[in-house]
Every structure is written in structure tokens, then in C-alpha cells.
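The lines below spell out each chain.
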Amino acid sequence: MRVEYAIIFSILCIILTVCTITAMQQRRSKAIGGAVAFFVCSLLPPVTGNLIIVCTQNRYVAEVGYYVYFLGMDVMVYSLLRLTFSYCRISWHNKTVKYIVYSLFAIDVLQYALNPYLRQAFDTEPLIVENETYYKLVPFTGQLYHRILDYGVFFFVLGVFFIKMIRSIRINRERYSVIFLSLVVGGVWETFYIFSGTPIDRSMIGFVVIGLLVYYFALFYRPMRLLDSMLANMTSELPEALYFFDNNGLCIWANRPGTELAAISEEDYSKAEVKLTELFGELDLEKNEWTSNKTLKTDEETRYYVIEKHAIPYSDKKDAGSFLSIRDNTEEHLTLQKEMHNATHDSLTDLYTKDYFLKKTEELLKSDNDTHYVAVYANVNNFKLINDIFGTAFGDHCLKVIADKIREIAPEGCVYGRMVGDTFGMCIPADSFDDAEIESALGHFKVSDGKVDHTVLIHIGIYFIPDKTIDVSLMFDRARMAVNTIKNDYQIFLSYYDEAMRNQVLWDQHISSQLSEAIEERQIVPYLQPIVNTDGKPVGAEALVRWIHPQLGFLSPAKFVPVFEKNGMIAEVDRYMWRSACEILAKWKEEGKDLFISINISPKDFYFMDVVSVIKNYTDKYGVDHSRLRIEITESVMIDDNRYRMKILNEFRESGFIVEIDDFGSGYSSLNMLKDMPVDIIKIDMGFLNQSQENDRAAKILHNIINMNSDLGIISLTEGVETVEQYRMLSDMGCRLFQGYHFAKPMPVEEFEGWVANSN
Ligand code: C2E
Ligand code: CA
Ligand code: CA
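Here is what the cut-offs are and how they apply
Residues numbered from 1 in each chain as written. Chains lettered and ligands numbered in written order. Predicted model: local features only at pLDDT ≥ 70, side-chain atom pairs only at ≥ 80, totals over all residues. Heavy atoms only, no water. Helix = DSSP H or I, 4+ residues; strand = E, 2+ residues; numbered from the N terminus. Rg over C-alpha atoms; globule rule 2.2 N^0.38 Å. Buried < 20%, exposed > 50% of the residue type's maximum accessible area, 1.4 Å probe, protein only. Contact = heavy atoms within 4.5 Å. Areas by Shrake-Rupley, 256 points an atom, 1.4 Å probe, with all protein chains shown as cover. Lys, Arg positive; Asp, Glu negative; His and termini not counted. Charge placed at Lys NZ, Arg CZ, Asp CG, Glu CD. Phe/Tyr/Trp six-rings, centres within 6.5 Å; stacked < 30°, edge-to-face > 60°. Lys NZ or Arg CZ within 6 Å of the ring centre and 35° of its normal. Pairing = 2+ DSSP bridges. Donors = N, O, S within 2.8 Å, 3.2 Å for Na, K, Ca; no water. Domains from an automatic or database assignment. Axes fitted to C-alpha atoms, helices over the stretch in contact; angles between N-to-C directions. Salt bridge = Lys/Arg side-chain N within 4 Å of Asp/Glu carboxyl O. Core = buried A, V, L, I, M, F, W, Y, C linked by side-chain atoms within 4.5 Å. Parallel < 35°, antiparallel > 145°, perpendicular 65-115°, else oblique. Near = heavy atom within 4 Å. Polar contact = N/O pair within 3.5 Å; in protein donor to acceptor, adjacent residues only side chain to side chain.

## Examining the overall build of the protein chain
Thinking step 1. For the protein chain, the count of helices and strands is 30 helices and 23 strands.
Thinking step 2. In summary, the protein chain has a C-alpha radius of gyration of 59 Å against a globular reference of 27 Å for 760 residues, an excess of more than 25%.
Thinking step 3. Dimensions of the protein chain, computed from the C-alpha atoms along their principal axes, are close to 180 × 60 × 55 Å.
Thinking step 4. Of all 760 residues assigned to the protein chain, the portion counted as buried reaches 46%.
Thinking step 5. Excluding contacts between residues fewer than 6 apart, the proportion of contacts in the protein chain whose partners are at least 24 apart in sequence is 62%.
Thinking step 6. As displayed, the protein chain has an accessible area near 39,400 Å², and 55% of this comes from carbon and sulfur atoms.
Thinking step 7. For the protein chain, the distance from the average position of its 74 positive side-chain charges to the average position of its 101 negative side-chain charges is 10 Å.

## With respect to the packing of aromatic side chains
Thinking step 1. In the structure shown here, the tally under the stated rule is 40 aromatic pairs.
Thinking step 2. Between Phe-38 and Tyr-78, the ring centres sit 6.1 Å apart and the planes meet at 70°, which makes this aromatic pair edge-to-face. Of this pair, Phe-38 sits in helix H2 (residues 32–42) while Tyr-78 sits in helix H4 (residues 59–87); the two residues are 40 residues apart in sequence, bridging distant segments of the chain.
Thinking step 3. By relative accessible area, which is 27% here, Phe-38 ends up partly exposed.
Thinking step 4. Classification of Tyr-78 as partly exposed rests on a relative accessible area of 22%.
Thinking step 5. Ring centres 6.4 Å apart and planes at 40° place the aromatic pair Phe-738 and Phe-743 in the tilted group.
Thinking step 6. One aromatic cluster is present, formed by Tyr-66, Tyr-67, Tyr-69, Phe-70, Tyr-112, Phe-122 and Tyr-193 through successive ring pairs.
Thinking step 7. Between the NZ or CZ atom of Lys-745 and the centre of the ring of Tyr-741, over which it lies, the distance is 4.7 Å.

## Focus: the pairing of strand S15 (residues 538–549)
Thinking step 1. Along S15, 10 of the 12 residues are buried, which leaves the element largely enclosed by surrounding structure.
Thinking step 2. Summarising the sheet, strand S14 (residues 524–533) and S15 pair through nine bridges and their orientation is antiparallel. Residue pairing in the sheet places Pro-530 in a bridge with Ala-541 of S15.
Thinking step 3. Turn length for the S14-S15 hairpin, with the two strands adjacent in sequence and antiparallel, is four residues, and the turn residue Gly-536 shows positive phi of about 80°.
Thinking step 4. As defined by bridge partners, S15 adjoins strand S17 (residues 596–601) across three bridges and the pair is classed as parallel. Residue pairing across strands places Glu-542 opposite Ser-598, the latter belonging to S17.
Thinking step 5. Strand direction decides the pairing type here: S15 and strand S16 (residues 553–555), joined by three bridges, are antiparallel. Note that in S16 the partner of Ile-548 across the bridge is Phe-554.

## Some thoughts on the coordination of the calcium ion (ligand 2)
Thinking step 1. Coordination sphere of the calcium ion (ligand 2), protein contribution only: Glu-542 (OE), Asn-600 (OD1), Glu-632 (OE) and Asp-662 (OD), at 2.1 to 2.4 Å.
Thinking step 2. In the primary sequence, the donor residues of the calcium ion (ligand 2) line up as E-x57-N-x31-E-x29-D.
Thinking step 3. Take Glu-632: its relative accessible area is 0%, and that puts it in the buried class.

## Some words on the coordination of the calcium ion (ligand 3)
Thinking step 1. Of the protein atoms, only Asp-662 (OD), Asp-663 (OD), Glu-719 (OE) and Glu-719 (OE) coordinate the calcium ion (ligand 3), at distances of 2.1 to 2.7 Å.
Thinking step 2. Of note, the donors binding the calcium ion (ligand 3) are all from one chain and are spaced D-D-x55-E.
Thinking step 3. A distance of 3.8 Å spans the gap from the calcium ion (ligand 3) to the calcium ion (ligand 2), which Asp-662 bridges by coordinating each metal.
Thinking step 4. Using a relative accessible area of 6% as the deciding quantity, one classes Asp-662 as buried.
Thinking step 5. Asp-663 sits in the partly exposed class, given a relative accessible area of 25%.

## Details of the domain arrangement of the protein chain
Thinking step 1. As assigned here, the protein chain comprises domain 1 (2–230), domain 2 (238–344), domain 3 (347–497) and domain 4 (514–759).
Thinking step 2. Here the C-alpha centroids of domain 3 and domain 4 sit 43 Å apart.

## Describing the sheet that holds strand S7 (residues 319–328)
Within a sheet, neighbouring strands are paired by backbone hydrogen bonds and run either parallel or antiparallel to one another.
Thinking step 1. Ordered by their spatial adjacency, five strands build an open sheet running S4-S3-S7-S6-S5, and the pairing between neighbours is antiparallel. Both edges of this open sheet fall to strand S4 (251–254) and strand S5 (290–297), since each of them pairs with a single strand only. Averaged over all neighbouring strand pairs, the angle between strand axes comes to 20°, with direction disregarded.
Thinking step 2. Contacting strand S6 (302–313) and S7, helix H12 (residues 330–344) runs over the sheet at an angle of about 125° to S6.

## Comments concerning the pattern of salt bridges
Thinking step 1. Considering all chains together, one arrives at 32 salt bridges under this definition.
Thinking step 2. Notably, a salt bridge pairs Asp-508 with Lys-566, separated by 3.2 Å at the nearest N-O pair. Of this pair, Asp-508 sits in helix H18 (residues 499–512) while Lys-566 sits in helix H20 (residues 557–567), and the two are 58 residues apart along the sequence.
Thinking step 3. Classification of Asp-508 as buried rests on a relative accessible area of 12%.
Thinking step 4. On the basis of relative accessibility, which here comes to 61%, the residue Lys-566 falls in the exposed class.
Thinking step 5. The network of salt bridges with shared partners includes Arg-59, Glu-63, Arg-119 and Asp-123.

## Some words on the nonpolar core
Thinking step 1. Residues Phe-564, Trp-578, Ile-597, Ile-601, Ile-615 and Phe-652 are the most contacted members of the largest nonpolar core, which totals 76 residues.
Thinking step 2. Ranked by residue count, the leading element in this core is helix H21 (residues 570–591), at 12 residues.
Thinking step 3. Ignoring anything within four residues of it in the chain, the contact list for Trp-578 reads Ile-599, Asn-600, Ile-601, Asp-605, Met-609, Val-611, Val-614, Ile-615 and Tyr-618.
Thinking step 4. Among the nonpolar cores identified, the runner-up in size contains 66 residues, and Met-73, Cys-88, Tyr-176 and Phe-207 belong to it.

## Remarks on the packing of H2 against helix H3 (residues 44–55)
A pair of packed helices is captured by two measures, namely the crossing angle of their axes and the spacing between those axes.
Thinking step 1. Interhelical geometry of H2 versus H3 gives an angle of 10° and a closest axis separation of 5 Å. Between H2 and H3, the crossing angle belongs to the class labelled roughly parallel. Note on element contacts: H3 touches H2 through Leu-44, Pro-45 and Pro-46, opposite Val-40, Cys-41 and Ser-42.

## Quick look at the site of ligand 1
Thinking step 1. Taken together, 20 residues are adjacent to ligand 1, and Gln-529, Arg-546, Asp-574, Glu-722 and Tyr-741 come closest.
Thinking step 2. At 3.2 Å, a side-chain N or O of Asn-600 approaches an oxygen atom of ligand 1.
Thinking step 3. Between Tyr-741 and ligand 1, the recorded distance is 2.8 Å, taken from a backbone N or O atom to an oxygen atom.
Thinking step 4. When ligand 1 is considered free in solution it has 800 Å² of accessible area, and contact with the protein chains removes 81% of it.

Here you go:
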């Protein structure tokens with residue numbers, strides 16, 4: 001028995017020494033390392049003491065063993081206390097208590113020092129076991145003190161571990177409860193030794209085991225369950241549903257969103273696959289590294305998910321398993337959808353924006369070859385007026401109503417959108433296109449916002465798309481051109497684009513781009529058409545513009561004047577003509593020719609310049625008498641801004657110019673206006689005259705106009721006189737001046753000068 005225990009205690013000593021050294025090395029990385037090393041090391045003296053007691057047959061040596069044992073116990077209990085503080089992260093609240101405890105230990109050491117003399121602590125007596133002599137302990141009062149002290153500290157430590165064990169969370173409990181229980185076992189074992197009266201303290205083995213447990217739990221134990229639980233809690237806080245699969249593809253864990261989404265309980269993770277397939281359809285769980293978007297529709301809502309599958313690598317070649325993440329991105333998806341919608345839809349009408357509409361049309365046209373399509377362009381007539389009169393709120397309301405109408409009539413397979421402002425576009429399959437239906441639905445209708453009632457007129461341009469490869473915006477340009485032909489018509493709402501229209505536009509662009517150059521290069525020239533008196537003698541001429549085009553040849557004003565009147569470039573032409581007329585008059589003045597020139601003023605000129613001062617400028621520059629330059633203004637000029645124009649006419653007359661009303665009787669003339677108009681001459685339109693030949697009534701009216709004019713002191717001039725009969729009839733009626741092919745056609749200036757010389 002002696003030998004066995006000697007060996008056991010020696011092995012324990014070696015183990016403790018190794019643990020002490022490794023714990024010392026841990027010191028640098030772990031604060032607790034020092035306390036552990038001290039505690040493990042403090043187990044060495046009691047074990048060594050017991051080793052001595054077991055080995056010796058000499059009483060004095062045995063007693064030395066006992067001193068080493070008991071003093072070692074003090075050191076051990078003290079270091080256990082220190083370790084407990086460090087392990088359980090507590091500290092002395094009260095310094096006094098700390099010093100009292102230290103003093104109690106000091107007293108114990110002291111009383112063992114006195115024991116050889118006083119024998120107050122213990123004595124030994126021999127005990128024969130299996131023929132071998134051991135020295136067994138005989139305790140006295142001092143030994144009682146020692147035990148009370150050590151047990152006191154021991155129970156305190158036990159208490160601390162107990163409280164820690166109870167209070168800590170489940171996963172931490174392990175590291176406290178293991179030590180608590182081993183302390184209890186060690187304590188009971190030691191107590192058993194005390195009362196057993198045997199000389200060998202077997203409980204030393206227990207204390208070494210405690211030492212090793214502390215050594216392990218304090219220094220090396222990584223609480224895996226704590227880590228697991230921390231990771232699990234953390235991942236459960238994530239918004240994604242996560243499912244972890246082992247190498248065989250079996251679901252072994254899911255976080256909280258995961259169990260909720262798949263509606264599985266924490267215990268049946270293995271059902272995840274089936275449940276997820278029920279939700280999302282077939283998922284390729286065997287494969288790793290994929291992403292897919294899925295939609296879940298319920299009666300109340302639609303939700304969008306991003307599903308990803310990834311491998312979890314273990315080593316270079318092996319995977320530990322894989323995980324599936326399912327993220328609900330409904331919010332993002334909807335915001336994106338909304339942003340997309342806003343970028344492609346008009347905020348007022350919620351129709352496609354122009355760009356998006358054209359893009360959609362292009363896609364539609366490309367989508368199939370067999371269907372023919374029609375481009376429809378709708379423009380609200382006088383929309384500016386609606387805004388000005390009823391306010392923009394009502395204007396907006398009108399646009400919304402129109403958008404609704406378009407939605408209503410749009411046949412299947414049609415795209416439509418808002419172009420700009422008050423214009424809309426549709427691209428309709430030719431089969432389902434019904435112009436009568438569109439015209440009756442959109443042409444004109446009443447819009448009411450509860451306060452205002454207004455009939456909105458919409459002009460609709462139609463372009464049958466013959467070639468789907470041409471630019472889409474060009475198709476709607478053509479439909480728009482068709483609209484432009486119905487301006488200011490109150491019976492017609494719909495018009496078709498034709499090739500002539502396109503050519504007209506191309507022509508307009510072509511000649512407009514060449515005007516400045518033409519003026520510079522004198523391709524634009526004035527022709528003069530003689531004006532004669534009742535004797536048939538020339539008294540003057542009307543300056544009429546001609547364009548001698550280098551490629552196109554002779555261009556009559558009908559070819560370009562209306563174009564330039566539309567785009568405003570007529571002002572440039574007219575200024576040039578006025579200047580030319582002044583040049584000619586200046587030359588004639590020098591040559592002593594007593595002739596006048598009538599110049600034409602377009603109604604558009606008034607928008608672009610101060611007509612009176614521009615003309616005065618030229619007459620001043622060329623020294624032309626104002627009475628020699630006659631001003632021809634069509635009566636339509638007076639329609640727009642009566643008062644202002646009236647003022648202008650007066651200005652001309654006050655400055656000595658003679659003012660003529662051109663094309664009288666061709667359109668708007670009103671007798672009422674005539675009475676107020678400050679004019680000197682009225683040019684009666686040839687069209688009117690032509691009618692009067694065969695129509696007796698018309699002749700009577702003409703006669704009366706001429707009479708009325710002379711009563712008002714206005715001179716009558718008839719233009720377009722083509723026959724001698726007309727000339728005679730008009731002379732008889734009292735007309736004073738004549739112009740027309742009967743006398744001469746418009747001709748170049750030199751030719752005119754020759755013609756005048758001849759007729760004289
Ligand atoms: P308008 O001012 O009424 O010019 C008279 C037009 O009648 C001229 O046509 C002239 O050639 C034509 N004419 C003269 N006698 C007869 C006749 O006996 N029978 C017929 N059938 N026609 C006759 P033109 O030169 O082709 O000019 C057409 C229109 O172009 C002009 O009508 C005028 O409104 C405009 N225009 C011509 N030159 C100018 C210009 O320099 N400036 C502006 N703003 N307009 C001009
Ligand atoms: Ca004229
Ligand atoms: Ca005329």
C-alpha cells in the first residue's frame with residue numbers, strides 16, 4: 001500500500017508541476033493564468049506532505065510531512081480563495097475583511113511554529129497496518145482552529161461558486177457547476193479522511209482533480225455551447241431566413257426567421273426542405289452557389305424574395321456543409337418598381353412619358369412583322385387658352401380626363417402616352433383601328449370639374465405606318481403634321497398624313513435653310529407689275545418678290561411666301577424688298593421718273609419689327625419721298641389687334657405715305673371696319689372681279705363699293721384685270737387705277753423701265 005500511494009502521489013506531483021509550468025506560460029495571454037499557476041502549485045506542498053507521511057517509518061520525518069501538509073493546506077486554501085475571486089470576477093469589497101482573513105492565516109502558521117514546543121496543534125502516534133508502521137495524526141485545539149479556518153474559507157468558496165452557478169445563464173453554468181461539484185466531492189472526501197483516522201489522505205487525489213479541472217476550465221475551455229448559442233441568437237436577429245445543411249444535404253439548423261418562414265418547429269429542421277419547396281416550388285438544394293428571385297402571392301399581398309445558396313468550406317477540398325439564405329426584399333423591390341414607374345410615367349396623367357412611349361412603340365413594332373400599325377397624334381385645340389381663362393388647375397384636370405378617355409378607347413395591343421404638354425400619342429394595330437370611333441370619342445367632349453364646364457376640342461392626326469423601320473419619333477412627327485392641317489377648323493377633328501404633306505415639310509425646311517444665302521447672292525429679286533390710270537398710262541408699280549433659284553429656277557412667291565409667313569422669315573424677305581424698292585425709287589428720282597412703287601407688308605412683319613420705323617429708315621437712307629412709296633396691307637392685318645394696327649396706319653399716313661388695303665373682298669372685309677380704317681386706296685381682289693363678270697348681283701355690289709369708296713374719299717384700284725371688257729366696265733363704274741395681265745405681267749425692273757418708255 002505504501003509503495004502504491006508513493007507512486008500515485010509522485011505522479012500527482014509531476015502532473016501538478018507540468019500544469020504549473022504551462023499555466024505560467026499562459027500568464028502572458030490570460031490574466032487568470034497567474035492565479036491558476038499559483039493554485040495548482042499550491043497543491044504540491046500538501047501532496048508532497050502526504051508523500052512524506054506515506055513513505056516514512058520515522059516519526060520525526062512523518063511530523064515534518066504533517067507540517068508541510070498543513071501549512072501547504074493553508075497556502076492551497078488561500079490560493080483557492082484568490083483563484084475564486086479571479087475565476088468568478090469578484091474582488092474584495094472591504095479591505096479590512098481582507099486583512100482579517102490574512103491575519104487568521106498568519107495565526108495558523110504561527111501556532112504550527114509553536115507546536116514542537118507546546119503540542120497544542122497535534123501529535124502523532126504509530127499505527128500498524130499490514131505490518132507496516134505509519135504515523136497517524138492526533139489532533140488538539142490548534143488543529144481544530146486550522147480546520148475551522150480552512151473549512152471556513154472552503155465553504156465561502158463553495159458558496160461563491162454556488163451563487164455563480166445559480167445566477168449565471170444556462171450555458172455559463174457548466175464552467176461553475178463542474179468546479180462546484182468537484183469542490184463538494186473533494187470536501188466530503190477530505191472530511192471522510194479526518195474522521196477515518198487513516199494515515200493516508202486519499203482526498204489529495206480529489207484536490208488534484210479539482211486543480212486539473214480549474215486548470216482546464218479557466219485556461220483552455222472554450223464554451224462551445226456558449227459560442228453556438230451566441231451565433232444562433234445573433235443569426236436569429238438577422239432579417240434573413242437562414243438554413244444550414246450538413247454534407248448530406250439535411251437541414252440541421254435554421255435561425256428564427258427561417259423557422260418562421262418555413263413554419264417548422266425548432267426540433268424538426270429536417271422538414272425545412274419539404275416546406276420550402278411547398279412555398280417556393282422546386283429549389284435546387286443539391287447544388288451550391290446560386291441566386292434566384294422568387295415571388296410569393298397570397299390573397300392579401302405579394303412578397304418578393306432573393307434566395308441564395310452557398311457552400312461552407314471546411315478545408316481546401318472539403319465543405320463542412322452549405323447554407324441557404326432567403327431575404328425578403330419586397331420593400332426594395334417595390335421602391336425600385338415605383339422609381340421605375342416614376343421614371344417612365346407622367347406624374348399628372350400616369351401615362352407613359354414621351355421617351356418611354358416612343359421606346360414602347362418601337363418594341364411593339366419590332367415584336368411582330370405581320371401586324372400593321374397606325375400612329376395617332378392628338379393635340380388639344382387652344383389649350384393655352386383653357387389654361388389662361390380657367391386656370392392651370394382646370395387645364396390639368398382636362399389633361400387627366402383626356403388621359404382617361406385614351407385609356408378607355410385604347411384597343412388591345414395598343415400603346416399610348418403623353419407626348420409633351422397637351423399632346424398625346426397612340427400606336428394602334430391597324431386591324432382594331434377605327435377612325436370614326438376615335439373621332440367621336442376624342443374629337444370633342446365636355447369637361448367639368450364641378451365649377452367650370454368647357455367643351456374641349458381635340459385634333460387628331462393619323463399616320464399609317466408603311467415602313468416599321470423608320471424612326472418612331474418621325475412617325476409621330478408625321479401624325480402631328482396631319483394635325484397641323486386642321487388648325488382652327490371647328491367641324492373636322494381628324495386628318496390623315498399623306499406624302500404631299502411630308503414633301504411640303506421637307507420643302508419648307510429646304511428653302512428656309514437657303515434664304516439668307518439667297519438674299520446675299522441676290523437670287524431674290526423684285527419684279528414690278530405696272531399700275532395704270534384710266535387713260536391706260538403707267539403711274540407706278542407693285543413690287544412682287546421672285547426667287548431665281550440656281551437649281552430650281554424661277555420660283556413664284558406662292559412657293560415660298562406662305563412658308564416664310566409660317567416661320568417668320570418673311571420679315572427678312574420683306575425688309576429686303578422694301579430696301580430694293582427704295583433703291584429703285586432713288587434711281588428714278590435721279591432720272592426724273594414720276595412713278596410710285598407699292599410694297600407688300602405681311603401681317604407677320606408686325607410681330608418681328610417696328611414696321612414704320614424700318615421703312616422710314618430706308619426712305620431716309622435713300623432720300624425717297626414718302627408719297628412715292630405706297631404701303632399695301634391686307635385687311636386681315638386689322639383682325640388681330642385692331643386699335644394698335646389702326647395707330648400704325650395713321651402713323652404711315654401722317655408721315656406722308658399712301659396706305660392701300662390689299663385683297664379687299666377676299667376674306668374678312670367688313671364695311672363697318674372700312675368706315676374707321678385710315679386708308680387712301682382700296683385694292684379690290686381679282687377673284688371678286690372674276691365673279692362679277694357672270695354674276696349681275698356681284699357686279700352691282702362692286703359698283704356700289706366703288707361708289708362708296710369715292711364718297712368716303714377713298715380711291716379704288718382693281719387688280720387682276722385681264723380683259724379690255726373688264727377694264728372698260730371698271731372705268732365706267734368709276735374705278736381710277738388698274739393692275740393686271742391685260743396691261744402687263746410682273747417683270748424685272750429694267751424690263752419695266754423699257755415698258756414704261758414704250759407706253760409713253
Ligand atoms: P398680291 O399682293 O395680291 O399680288 C398680286 C398677285 O396677283 C401677284 O402674284 C401677281 O402676279 C398676280 N396678278 C397680277 N395681275 C394678275 C392677273 O391679271 N391675273 C392673275 N391671275 N394674277 C395676276 P404673285 O406675284 O404670284 O404674288 C402672289 C402673292 O404673294 C401676292 O399677292 C402677295 O400676297 C405675295 N407677295 C408677293 N411678293 C411679296 C413680297 O415682297 N412680300 C410679301 N409679304 N408678300 C408678297
Ligand atoms: Ca399686293
Ligand atoms: Ca392683291
